[in-house]
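# Structural description and commentary
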Amino acid sequence: MPSRTSLATALFCLICFCAALGTTPALAQPPADNQMPSVIQVPAEAQASSHFDATAATNAYLAQIPPSKTARSDAYFEGGYWLILWDFLYGAVVALLLLNLRWSARMRDLAERVTRFKPVHTFVYWLQYLVLTSVLIFPLTVYEDYFREHKYGLATQTFGPWMGDQMKLLAVNLVLGGVLAMLLFGVVRRLPKTWWIWGAVVTILFLIFTSLIEPVYLVPIFNKVTRLDDPKIIDPILSMARANGIPAKDVYEIDASRQTTRMSANVSGFANTMRITLNDNLLRRGSPEEIQAVMGHEMGHYVMNHIYKIITFGLIVTVLAFAYLRWALDWTLQRWGEKWQIRGVGDTAVLPLVVLLALVFIFAITPVMKTFGRTLEYEADMYGLNTSRQPDGEAQADIHLGEYRKMSPGPIEEWIFFDHPSGRNRIYAAMRWKAENLKLFTAQQ
Ligand SMILES: [Zn+2]
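Treat the numbers as computed from the prediction; the structure is a model and nothing was measured. (Residues numbered from 1 in each chain as written. Predicted model: local features only at pLDDT ≥ 70, side-chain atom pairs only at ≥ 80, totals over all residues. Heavy atoms only, no water.)

### Some thoughts on the coordination of the zinc ion
Using the following cut-off: Coordinating N, O and S atoms are those within 2.8 Å of the metal (3.2 Å for Na, K and Ca), and as water is not part of the atoms, a site may appear to have fewer donors than expected. For the purposes of this entry, the term helix denotes a DSSP run of H or I that reaches at least four residues, the term strand denotes a run of E that reaches at least two, and both are numbered from the N terminus. Only protein chains enter the accessibility calculation, which uses a 1.4 Å probe; a residue whose area is less than 20% of its type maximum is buried, one above 50% is exposed, and one in between is partly exposed.
Within the protein, the zinc ion binds to His297 (NE2), His301 (NE2) and Glu377 (OE); these donor distances fall in the range 1.9 to 2.1 Å. If you list the donors of the zinc ion from N- to C-terminus, the spacing comes out as H-x3-H-x75-E. Of this pair, histidine 297 and histidine 301 both sit in helix α11 (residues 288–303), four residues apart, which is roughly one turn of the helix. Judged by its relative accessible area of 0%, histidine 297 is buried.

Here's what the structure looks like:
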């Protein structure tokens, strides 16, 4: 599901985890401008031998990437660092406009004229708020999601279908965000002293519910998901699943090429709706070794219960966020509440202020969130190598992922900005694994 900011989606990102991993074509077609080379041959330094060295093997893999492609994907990824800042500042300016021009108070008054019945009043306010803010942030949205993606050759949609997806996303946010807003304002009005505790509980339950329905009801709004049935691909995957005690009967394919050239795979949902999905870019361009390496990684997320770890982490972050919100709302409303014509925390006109404060919180904890994600991804990489035993497939996947990620960042840069280990570190981990398991590969020499 494409992601765009609104109150609801900003909160959803707490729980999103998506494991992107890439791939290689066995087809001898020259890669497009933006595409990384496919390493069909394992470079000499990465071949199993008595003098195998993990660092030399890593460097040999990285040397397969032409400097022009490194420059291009570095520029794309580093631009993303700035977008974190611009998204935050732009969102803050929009929220301050709504408050200072008293548009938020006017939307509240209008909603009150429609109905005094509180839940419906909240929904009517949300409808106005969502439409107005979507229009105001549209210039940034269209640059970030459309023009910039096309500039780097990552987008496949023309403007019409892209806009169609944006409208669908708006409808999803209208419904889901509307329900969350009605629930939270209901909690605040009924429990004026302890709302921040119960608000956190309601939010996390709502996020769990959303991730439960996502693969089955939300993803199909944007993409077609089908069951994979090619035995050449599915047999080794299911064999790997059985060997690891995973009760999977099906693996799914998503037509991500409708929107993007990116290769990726993910585990989504949980309990009965949990499933592993590979995208069609990966299936089309990936070698069997790469696909197995990717599947091993995704199975790692599943076997190591990452979804439950994410929910636990999300619960802690949400409680902290609500505690901070309670304090920050009291502080700001005391100073500017009258000027903004906000009657209190239970008044729907407070929403832009809540979003503003949430943006500050999310911006401040970005490195923590990235590091939490990166730690789980590293675990999944280790599990994937042990399971698939495809270190070269993993290295090839990491090079393909480099089409939209910087391969060799500095350590602080990686700590702040990377939600997966960097390509260089992932290839090194794969080669380190290979160095310790050379006996598995010497028979092939
Ligand atoms: Zn992952």
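Back to the text.
### Re the nonpolar core
Note the following rule: To qualify as a nonpolar core, a set must consist of buried Ala, Val, Leu, Ile, Met, Phe, Trp, Tyr and Cys residues joined through side-chain atoms within 4.5 Å.
Among the nonpolar cores identified, the biggest contains 31 residues, and Trp195, Leu329, Ile342, Val350 and Leu353 are the most heavily contacted of them. Looking at this core element by element, the count peaks at eight residues for helix α7 (residues 159–190). Core analysis: the second largest hydrophobic core is formed by 25 residues, Ile237, Val267, Ile276 and Leu282 among them.

### Focus: the pattern of salt bridges
To keep things clear, this is the line we draw: Basic side-chain nitrogens of Lys or Arg form a salt bridge, by our definition, when they fall within 4 Å of a carboxyl oxygen of Asp or Glu.
Following the criterion strictly, the structure yields 15 salt bridges and no others. With a shortest N-O distance of 3.9 Å, aspartate 165 and lysine 168 are connected by a salt bridge. Residue aspartate 165 and its partner lysine 168 are both found in helix α7; the two are separated by three residues, about one turn of the helix. The exposure class assigned to aspartate 165 is buried, which follows from its relative accessible area of 3%. In this structure, arginine 227 and aspartate 250 form a salt bridge, with 3.5 Å as the shortest nitrogen-oxygen distance. Of this pair, arginine 227 sits in strand β1 (residues 225–227) while aspartate 250 is found in the loop between α9 (231–243) and β2 (252–254), placing the two residues 23 residues apart along the sequence.

### Re the pairing of strand β3 (residues 265–268)
The criterion, for reference: By the convention used here, strands pair only if DSSP detects at least 2 bridges between them.
Burial along β3 is two-sided: the residues Ala265 and Val267 and Asn266 and Ser268 are all buried. Bridge count for β3 against strand β4 (residues 275–279) is four bridges, and the pairing is antiparallel. When the sheet's bridge partners are listed, alanine 265 is paired in β4 with leucine 278. Joining the antiparallel neighbours β3 and β4 is a turn of six residues, in which glycine 269 adopts a positive phi near 70°.

### Focus: α11
In plain terms, the rule: Any helix carries an expected span of 1.5 Å times its number of residues minus one.
Helix length check: α11 (16 residues) gives 22 Å between terminal C-alpha atoms against 22 Å at 1.5 Å per residue, within 8%. Burial analysis of α11 places twelve of its 16 residues in the buried class, the great majority of the element. If you check which residues of α11 are buried, you get Glu290, Ile291, Gln292, Ala293, Val294, Met295, Gly296, His297, Glu298, Met299, Gly300 and His301. Phi turns positive, to about 55°, at asparagine 305, one or two residues after α11.

### Observations regarding unusual backbone geometry
At asparagine 305, a residue that is not glycine, the phi angle is positive and equals roughly 55°. Mapping asparagine 305 onto the fold places it in the loop between α11 and α12 (306–336). A relative accessible area of 40% means that asparagine 305 is categorised as partly exposed. Its identity is not glycine, yet glutamine 341 carries a phi of approximately 55°, on the positive side.

### Let's talk about the pairing of β4
In regular strands, side chains alternate between the two faces of the sheet. For β4, a buried count of five out of five residues is recorded, marking the element as mostly surrounded by other parts of the structure. In terms of strand pairing, β2 meets β4 through three bridges, oriented parallel. Pairing of tyrosine 252 across the sheet is with threonine 277, part of β4.

### Concerning the sheet that holds β3
Stated formally: Simply put, an axis is a line fit to the C-alpha atoms, just over the touching stretch for a helix, and the angle between two N-to-C directions goes from 0 to 180 degrees. Contacts: residue pairs with any heavy atoms within 4.5 Å of one another.
If you walk across this open sheet you meet the four strands as β1-β2-β4-β3, and the pairing is mixed. A strand with exactly one partner marks an edge of an open sheet, and here the two such strands are β1 and β3. Each strand axis lies, on average, 30° off the axis of its neighbour in the sheet, ignoring direction. Each of β3 and β4 touches α11; the most contacted strand, β4, lies at about 150° to it.

### Comments concerning the side chain of glutamate 414
Which entries qualify depends on this criterion: Only four residue types enter the tally: Lys and Arg on the positive side, Asp and Glu on the negative side; His and the chain ends are excluded.
Mapped onto the fold, glutamate 414 is located in helix α16 (residues 411–417). An unpaired buried charge is present at glutamate 414: no salt bridge exists, and arginine 374, the closest side chain of opposite charge, is 4.6 Å distant. Ignoring sequence-local partners within four residues, the contact set of glutamate 414 consists of Arg374, Pro409, Pro421, Ser422 and Asn425.

### Quick word on the environment of alanine 75
As for its position among the elements, alanine 75 is in helix α3 (residues 67–100). Residues alanine 75 and proline 220, spaced 145 residues apart in sequence, show a C-alpha to C-alpha distance of 32 Å. Not counting chain neighbours up to four residues away, the residues in contact with alanine 75 comprise Arg148 and Tyr152.

### Observations concerning the packing of aromatic side chains
Aromatic rings in a pair are described by how distant their centres are and how their planes are angled relative to each other. The following threshold applies: In summary, the pairing rule links any two rings of Phe, Tyr or Trp, Trp by its six-membered ring, whose centres are within 6.5 Å, and it sorts them by plane angle into stacked for under 30 degrees, edge-to-face for over 60 and tilted for everything else.
Using the criterion set out here, one finds 19 aromatic pairs in the structure. A centroid spacing of 5.1 Å and a plane angle of 85° characterise the contact between tyrosine 146 and phenylalanine 147, whose relative ring orientation is edge-to-face. Given the relative accessible area of 11%, tyrosine 146 is considered buried. Ring geometry for tryptophan 331 and tryptophan 336: centres 6.0 Å apart, planes at 70°, overall edge-to-face. Given a relative accessible area of 39%, tryptophan 331 falls into the partly exposed group.

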